[in-house]
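Chain and residue survey
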Amino acid sequence: MGFYGHAEAAAQKIVQAFEDANNLPKPLAQIFIHRKDAAHFSKWSWANRLLVILRGFTDARGFQQWQDVGRRVKKGEKALYILGPVKKKITDKETGEEKSIVVGFKGLPVFGLEQTDGEPLPIGDPEIETWLDSLPLLAVAKAWGLSVDVFNGEAGGFLGVYRRRCGIALGVKNLSTWAHELVHAADDRNGSLKEKGQHWRSETVAELGGAVLLEILDFKQEADLGGCWEYVKSYGQAAQISVTEACMRVLDRTCAAVGLILDTAEQMKLDIGNATAAAGVET
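A few points on the structure. None of these values were measured; they are calculated from a predicted model.

Another aspect to go through is the sheet that holds strand 7 (residues 160-163). Read from one edge to the other, the open sheet built from 3 strands follows the order 6-8-7, with strand pairing classed as mixed. Lying at the two open borders of the sheet, with one neighbouring strand each, are strand 6 (147-150) and strand 7. Averaged over neighbouring strand pairs, the angle between their axes works out to 15 degrees when direction is ignored. Here strand 7 pairs with strand 8 (residues 167-170) via 4 bridges, running antiparallel. Note on strand 8: the bridge partner recorded for Val161 is Ala169. Contacts from helix 5 (residues 126-133) reach strand 6 and strand 8, with the element oriented near 145 degrees to strand 6.

What follows is about unusual backbone geometry. Excluding glycine, residues mostly carry a negative phi; peptide bonds, for their part, are mostly trans. We note that Asp224 has phi near 50 degrees; this positive angle belongs to a residue other than glycine. As for its position among the elements, Asp224 is in the loop between helix 8 (200-216) and helix 9 (225-239). On the basis of relative accessible area, Asp224 is assigned to the buried category, the value being 7%. Non-glycine residue Gln240 carries a positive phi angle of around 60 degrees. In this fold, Gln240 is placed in the loop between helix 9 and helix 10 (243-249).

Taken as a whole, the largest pocket spans an internal volume of roughly 770 Å³. Gly160, Glu181, His184, Gln198 and Glu203 are the residues nearest the centre of the largest pocket, which is lined by 35 residues in total. Residue assignment for the lining of the largest pocket shows that the elements contributing at least two residues are strand 7, helix 7 (175-189), helix 8 and helix 9. Residues of the lining of the largest pocket, tallied by class, amount to 13 nonpolar, 13 polar and 9 charged.

Reading guide: rules and limits
Every chain begins its residue count from 1, and numbering advances along the sequence as written. Thresholds applied to this predicted model are a pLDDT of at least 70 for local features of residues and 80 or more for the giving and counting of side-chain atom pairs; totals over whole chains, interfaces and linings are not thresholded and use all residues. Only hydrogens and water are set aside; all other atoms, that is, all heavy atoms of the structure, feed into the side-chain values. At least two bridges found by DSSP between two strands is the condition for calling them paired. Labels follow the DSSP assignment, with helices taken as runs of H or I lasting at least four residues and strands as runs of E lasting at least two, numbered in each case from the N terminus. Lines fitted to C-alpha atoms define the axes, with helix axes restricted to the stretch in contact, and inter-axis angles between N-to-C directions lie between 0 and 180 degrees. Every residue pair with non-hydrogen atoms within 4.5 Å of one another is taken to be in contact. Relative accessible area decides the class of each residue, using a 1.4 Å probe on protein chains only: under 20% of the type maximum gives buried, over 50% gives exposed, and in between gives partly exposed. Computed over the protein atoms alone on a 1 Å grid, cavities are sets of points where a 1.4 Å probe fits but cannot get out and pockets are open sets with protein on both sides within 12 Å along at least five of seven lines; a residue lines them when it has an atom within 4 Å of a point. Grid points are joined across faces, edges and corners, and a volume is the space filled by probe spheres set on the points. Residues were grouped as follows: Ala, Val, Leu, Ile, Met, Phe, Trp, Tyr, Cys and Pro as nonpolar; Asp, Glu, Lys and Arg as charged; and all remaining residues, including Gly, as polar.

Structure, rendered in structure tokens:
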């Protein structure tokens, strides 16, 4: 990989900065995304919305609901189940009015947007669409066959989701989150993403790799080193290792993921900016 050395140099600089955490900038504030084109989704419970997001989907509906908007569930796709209330009508003894009460819950089968094909959905917020189109290295994700979409970010604490070999969904308008999920995708393509769930190794690779990638592309503020340090620290504490140790243990894997992204961009003849100068590496 032609850019491996650049990634390694940038990563070493970041790890050195982590050794003096007191001098790191404060984490950037998260700007949550609010989708306007999925009104039905916003009416769901937080638990149901989170369930869909964790599966990597940005929207979900029942079989007939997708047909109503001109889309069809792809053959062989399996439904995921959300909880729907079971209601019963009763008569208020005092007022005589009839009202509905929830007496239980049942599983309702729904399918994610990415499990369907057909007519495109109406464009929601033009500002968000414009922001998505402006993401650096968006063409790399699309060249890998990944969809890139957004979800309402306040739906449960996840800022972004990578659905293996399928797509990336973002809940905040932050380049650091975008870079984090793109590194997850590269790590997966390299065959290194073998952990299940949010493991300290894969999360450190994605968080450190995202910061390295943005540093190389000269998005120094967006690299959010303060936020990166805090993120890796939270996972390192669970594994009883320091931030620096966590980063060093996955340094080669991180650089390989960043290198794959930049090499792919170079092969596609994308403008990746002054990567060599930003990395501080002589060629």
